[in-house]
Amino acid sequence: MAYPTVEEQAVQLLYSVIKGHPFSDGNKRIGSFIFVWYLKQNNNHLNDKGEREINDNTLVTIALTVAQSLPEQRDTMRKLIINLIKN
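Note that the coordinates shown come from a computational prediction; the quantities given were computed from them, not determined experimentally. (Residues numbered from 1 in each chain as written. Predicted model: local features only at pLDDT ≥ 70, side-chain atom pairs only at ≥ 80, totals over all residues. Heavy atoms only, no water.)

As for the nonpolar core
Of all hydrophobic cores here, the largest spans 17 residues; its most connected members are Leu-14, Phe-35, Val-66, Ile-81 and Ile-85. Counting residues per element, the ones that place at least two in this core are helix H1 (6-20), helix H2 (27-41), helix H3 (56-68) and helix H4 (74-86). If near-sequence neighbours (up to four positions away) are discounted, Val-66 is found in contact with Leu-14, Tyr-15, Ile-18, Lys-19, Met-77 and Ile-81. (Core = buried A, V, L, I, M, F, W, Y, C linked by side-chain atoms within 4.5 Å. Buried < 20%, exposed > 50% of the residue type's maximum accessible area, 1.4 Å probe, protein only. Helix = DSSP H or I, 4+ residues; strand = E, 2+ residues; numbered from the N terminus. Contact = heavy atoms within 4.5 Å.)

Put into structure tokens, the structure is as follows:
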């Protein structure tokens, strides 16, 4: 399996929608929504304290950073986001 963990699958969804531009408008918003929705569907959106793992400000920062990243930075971006989810 190419993306064996829920975190990797969620990051791939986010990255693919934002960088792939499948929609004429709203790719960052839609990608962010799908990312959070996927984590929630897999019960992977809350930290140990029962708080959301990624708050709104962090989500905006992630989406903008992915959108502005270069293609050769893909693995770095993926690792960064996975680390944010797991901590």
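Description of unusual backbone geometry
The phi dihedral of His-21 is positive, around 50 degrees, even though this residue is not glycine. Within the fold, His-21 resides in the loop between H1 and H2. Its relative accessible area of 54% is what places His-21 among the exposed residues. Positioned with a positive phi, Asn-43 is a non-glycine residue whose angle comes to about 50 degrees.

Notes on the packing of H3 against H4
Two numbers describe how H3 lies on H4: the axes approach to 11 Å, and their chain directions differ by 170 degrees. Looking at the two axes, H3 sits roughly antiparallel to H4. Judged by residue contacts, Thr-58, Ile-62, Thr-65 and Val-66 of H3 engage Met-77, Ile-81 and Leu-84 from H4. Looking at the contact of H3 with H4, its residues break down into five nonpolar, two polar and no charged. (Axes fitted to C-alpha atoms, helices over the stretch in contact; angles between N-to-C directions. Parallel < 35°, antiparallel > 145°, perpendicular 65-115°, else oblique. Nonpolar A, V, L, I, M, F, W, Y, C, P; charged D, E, K, R; others polar.)

What about H1?
Between its first and last C-alpha, H1 extends 20 Å over 15 residues, near the 21 Å set by a 1.5 Å rise per residue. Residues of H1 that are buried include every one of Glu-7, Glu-8, Gln-9, Ala-10, Val-11, Gln-12, Leu-14, Tyr-15, Val-17 and Ile-18, and no others. As for H1, its buried residues are in contact with H2, H3 and H4. Downstream of H1 by a residue or two, His-21 has a phi angle that is positive, lying close to 50 degrees. (Expected span 1.5 Å × (residues − 1).)

What about the pattern of salt bridges?
Applying the stated rule across the entire model yields four salt bridges. Residue Asp-56 pairs with Arg-52 through a salt bridge whose shortest N-O separation is 3.0 Å. For Asp-75, the salt bridge is made with Arg-78, and the minimal N-O distance between the two is 3.9 Å. Here Asp-75 and its partner Arg-78 are both found in helix H4, three residues apart, which amounts to about one turn of the helix. (Salt bridge = Lys/Arg side-chain N within 4 Å of Asp/Glu carboxyl O.)

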